[in-house]
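Spelled out, the chains give:
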Amino acid sequence: WQVEVAADNTVLLVLERDPIGDGETALVAVNLGDGRFVYRRPLGGDVRHFALSPAFGVIALSDVSEGRVVLADPATLTPKATFETTGSPMDLTFVDGGSTLVVANELPAGGGELEIWKIKADNKRGLFRKKQWQVALSGSPVRLAVSPDLRHVVAGTAEGRLEIVDVEIRMVVQSV
């Protein structure tokens, strides 16, 4: 499971999935003000993690089986944009106030990388990747965590390493 409290502590979002990926994956929303169940929506594909962007009001879903990230309306899960990734998107997080998305990919040939996407929105194109960069990792990423200042992300790898990446300069600054 993944849990996120959103909308000024008024909504609880829960990604329900079997740890090994068997069965249905769903997103559940609960109104924290009155404890009311809002919805439970099944998700197609193999969605492992999600992230919220306050800047664009979207939820990003990492679909490992399709090798893509879907940006959707969090209330309806209607897709607003879909972006292919260079590998299997194992985890993702927004930084920079929600306008930059960091995606941790497991690469087909082994190893991993972070894709960093500067997302923009306009009336004609909707949401699109304005800029994108890759940062190589020493192993296959399993999870991401973001620092409180939103400047660094830490990628935990299957090989037992933590790779600290400075998102602004787009490089690994420490590996432990």
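Please refer to the structure higher up on the page.
Counting restarts for each chain: residues are numbered from 1 in the order of the written sequence. For a predicted model such as this one, the threshold for reporting local features is a pLDDT of at least 70, and the threshold for listing and counting side-chain atom pairs is 80 or more; totals across whole chains, interfaces and linings nevertheless cover every residue. To obtain the side-chain values, all non-hydrogen atoms of the structure were included, while hydrogens and water were left out.

Describing the packing of aromatic side chains
Item 1. Each Phe, Tyr or Trp ring, with Trp reduced to its six-membered ring, pairs with another whose centre is within 6.5 Å; inter-plane angles below 30 degrees give stacked pairs, above 60 give edge-to-face pairs, and intermediate values give tilted ones. Counting across every chain of the model gives one aromatic pair.
Item 2. Ring geometry for Phe-83 and Trp-117: centres 5.5 Å apart, planes at 70 degrees, overall edge-to-face. Here the residue Phe-83 occupies a position in strand β8 (residues 79–84), and Trp-117 occupies one in strand β11 (residues 112–122), the gap between them amounting to 34 residues.
Item 3. Buried means the residue's accessible area, taken with a 1.4 Å probe over protein chains only, is under 20% of the maximum for its type, while exposed means over 50%, and partly exposed covers the values in between. For Trp-117, a relative accessible area of 0% translates into the label buried.
Item 4. Above the face of the Trp-117 ring, Arg-129 is positioned so that its terminal group lies 4.6 Å from the ring centre. Runs of H or I in DSSP of at least four residues are treated as helices and runs of E of at least two as strands, each being numbered from the N terminus. Here, over-ring charges are defined by two tests on the NZ atom of lysine or the CZ atom of arginine: distance to the ring centre within 6 Å, and angle to the ring normal within 35 degrees.

Observations regarding the pattern of salt bridges
Any two side chains of opposite charge can pair, so long as their charged atoms come close to each other.
Item 1. Each salt bridge in this description consists of a side-chain nitrogen of Lys or Arg and a carboxyl oxygen of Asp or Glu lying within 4 Å of one another. For the structure on display, the rule yields nine salt bridges.
Item 2. A salt bridge links Arg-151 to Asp-166; the nearest nitrogen and oxygen atoms lie 2.8 Å apart. Taken together, the positions of Arg-151 in the loop between β13 (141–146) and β14 (152–157) and Asp-166 in strand β15 (residues 162–166) put the pair 15 residues apart, joining distant regions of the chain.
Item 3. Overall, the relative accessible area of 4% leaves Asp-166 in the buried class.
Item 4. What you see here is one network of salt bridges that share partners, running through Glu-16, Glu-24 and Arg-40.

Some points on the side chain of Glu-113
Item 1. As for its placement among the helices and strands, Glu-113 is situated in strand β11.
Item 2. Counting rule applied: Lys, Arg positive; Asp, Glu negative; His and chain ends not counted. Of the side chains bearing the opposite charge, Arg-129 lies closest to the buried Glu-113, which forms no salt bridge; the N-O distance is 9.3 Å.
Item 3. In this analysis, two residues are considered to be in contact whenever any of their non-hydrogen atoms come within 4.5 Å of each other. Each residue touching Glu-113, except ones within four places of it in the same chain, is listed here: Thr-86, Val-103, Ala-104, Asn-105, Leu-107, Gln-134, Val-135, Ala-136 and Leu-137.

Side note on a positive patch on the surface
Item 1. A surface patch of positive charge is lined by Lys-120, Lys-130, Lys-131 and Arg-170.
Item 2. Mapped onto the elements of the fold, Arg-170 is located in the loop between β15 and β16 (171–175).
Item 3. Residue classification places Arg-170 among the partly exposed positions, given a relative accessible area of 31%. Patches in this entry comprise residues that are over 30% relatively accessible and not in a salt bridge; like charges within 9 Å are linked, as are nonpolar side chains (Val, Leu, Ile, Met, Phe, Trp, Tyr) within 5 Å. For the area figures, the Shrake-Rupley method with a 1.4 Å probe applies, and any residue is considered shielded solely by the protein chains shown. Lys charges are placed at NZ, Arg charges at CZ, Asp charges at CG and Glu charges at CD.

Examining the side chain of Thr-157
Item 1. Position of Thr-157 relative to the elements: it lies in strand β14.
Item 2. For Thr-157, a relative accessible area of 9% puts it in the buried group.
Item 3. Filtering out sequence-adjacent residues up to four positions away, Thr-157 remains in contact with Gly-139, Ser-140, Pro-141, Val-142 and Glu-163.

Here we look at the pairing of strand β9 (residues 88–95)
Item 1. When you tally the buried positions in β9, you get seven out of eight residues, the bulk of the element.
Item 2. When DSSP finds at least two bridges between two strands, those strands are taken to pair. Hairpin geometry of β9 and strand β10 (residues 100–106) is characterised by an intervening segment of four residues between the two adjacent antiparallel strands and by a positive phi of about 55 degrees at Asp-96.

Quick word on the sheet that holds strand β1 (residues 2–6)
Item 1. The sheet built from four strands is open, its strands ordered β1-β2-β3-β4 with antiparallel pairing. Of all strands in the sheet, those with a lone pairing partner are β1 and β4 (36–43), marking the two edges. Taken pair by pair, the neighbouring strands of this sheet meet at an average axis angle of 15 degrees, ignoring direction.
Item 2. Two elements, strand β2 (residues 11–16) and strand β3 (residues 25–31), share six bridges in a ladder whose sense is antiparallel. Paired with Val-11 across the bridge in β3 is Asn-31. To define axes, lines are fitted to C-alpha atoms, for helices over the stretch in contact only, and angles between the resulting N-to-C directions are given on a 0 to 180 degree scale.

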